[in-house]
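Examining the three-dimensional arrangement
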Amino acid sequence: MALKAVHVSDVPNLDQFADNAELALSSTQFFKGVTDHGGEEGKCGYEFSKFTVMGHRGCGMNMVQSSVPRMEFLKENSILSFNAAAKLPIDFIEFDVQVTEDGCPVIFHDGFILTQDKGAIVEKRVTDLTVAEFLSYGPQKQLGSVGKPLFRRTKDGNIFEWKVENDDPLCTLQEAFEKVENSIGFNIELKLDDQVAYTEEQLTRVLQAILQVVNECANNRPIIFSSFQPDAALLIRKLQTTYPVFFLTNGGSKIYIDIRRNSLDEAIKVCLTGGLQGIVSELRAIFRNPGAVTRIKDSKLSLVTYGQLNNFPEVVYVQHRMGVDGVIVDLVEEVTEAISDWIRLAEDRGEEGQKQVKTNPGFLQQQLSLPLLLPPELLHT
């Protein structure tokens, strides 16, 4: 029987589950210590106050032709999905921002947007469109207006119409600030094209367009910037010191010409060299190289993970025990409900549960060995 979800900030210490273990989950005190005054705290100087759960593209990404109904329930990266996530016990949503040809930051994951015209697929780069052209795709805000149908390419190259049970119009970054519940933080991924060699002038134009909207609209909303593009992450840190900047990496799952993108150790170097506050890593890289967690924490950097493995609540728990600071998840409701179950179980067990763990040290080892029990294809593909 599912337990009623409660806010993850209500989690007590999990020494009911493991001796001296503290599972502190996210609270309204999102993070502290982002400074630019030198010294140890100024060098990195960032930490989440508690373990943090973030909603991927709102309430989860879409997968066309998915066998998981939840992956086609709400349109990803939409106001509808963002506000649905804001009703759940999390503190951040993560989404992708690109800048249109006429300088408007818009929220969209894919580098190219697809539609169909006279039976043929038409594909255009998002950043080559004006904001008006971009917003002409998909459902329209104006009653009676019909937008261009959206299609999407799968990883294997097939193209399908992008259908979801609950659709919503595409949106700009400014709209997200204006229409999304103000209590939810934004993890803004700076989305750039891996096939483009950007000059510093081009990057500056893109990042300043995003910063202008953030500076005008953020108010007191918690903000994190993140990017897979090292130069973008370093430059956004130079352009502002108000909000923390995280470097995104797949930790070596894919090899790039830019060696800074090819391992967790390179990611640490990027952060320390540029004064960034943390790393967002694909989870499989952490499980393949668990010692990197200690190196990241010793470098006074925060660590957040992403990836489909984060949709397994037990995997989320293991990461907390490893020292990971937060997770980005698709199945937001399911993961937060499982966390609520842990809370309730800890409360129900009380001291008796704590005694049980102390007399059964194998419990913790069992939890930490979970990655070894996962199918190899999940860890290495």
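Throughout what follows, the structure given in this document is the object of discussion. Given the structure is predicted, the values throughout are model-derived calculations rather than measurements. (Residues numbered from 1 in each chain as written. Predicted model: local features only at pLDDT ≥ 70, side-chain atom pairs only at ≥ 80, totals over all residues. Heavy atoms only, no water.)

1. Here we look at the environment of E200
The topology assignment puts E200 in helix α5 (residues 200-217). According to the relative accessible area criterion, E200 is exposed, its value standing at 57%. When the C-alpha atoms of E200 and A232 are compared, they prove to be 8.8 Å apart, with 32 residues separating the residues in sequence. (Helix = DSSP H or I, 4+ residues; strand = E, 2+ residues; numbered from the N terminus. Buried < 20%, exposed > 50% of the residue type's maximum accessible area, 1.4 Å probe, protein only.)

2. Comments concerning the pairing of strand β4 (residues 92-99)
With respect to burial, β4 is a largely interior element, eight of its eight residues being buried. Here β4 shows two buried faces, one formed by F92, E94, D96 and Q98 and the other by I93, F95, V97 and V99. Pairing analysis gives three bridges linking strand β3 (residues 52-56) to β4, with the strands arranged parallel. What sits directly across from G55, in β4, is I93. Note on the crossover from β3 through helix α2 (residues 79-86) to β4: the handedness is right-handed. Alignment of β4 against strand β11 (residues 185-190), held across six bridges, turns out to be parallel. When the bridges of β11 are listed, D96 appears paired with E189. Two elements, β4 and strand β5 (residues 105-107), share three bridges in a ladder whose sense is antiparallel. (Pairing = 2+ DSSP bridges. Right-handed = clockwise from strand over helix to strand, strands pointing away.)

3. A look at α5
With 18 residues, α5 extends 25 Å between its outermost C-alpha atoms, agreeing within 8% with the 26 Å of an ideal straight helix rising 1.5 Å per residue. Where α5 is concerned, the buried positions are L203, T204, V206, L207, A209, I210, L211, V213, V214 and C217. Structurally, α5 contributes buried residues whose contacts are with β4, β5, α4 (173-179), β11, β12 (223-227) and α6 (230-239). Two residues or fewer after α5 comes N219, characterised by a positive phi angle close to 55 degrees. (Expected span 1.5 Å × (residues − 1). Contact = heavy atoms within 4.5 Å.)

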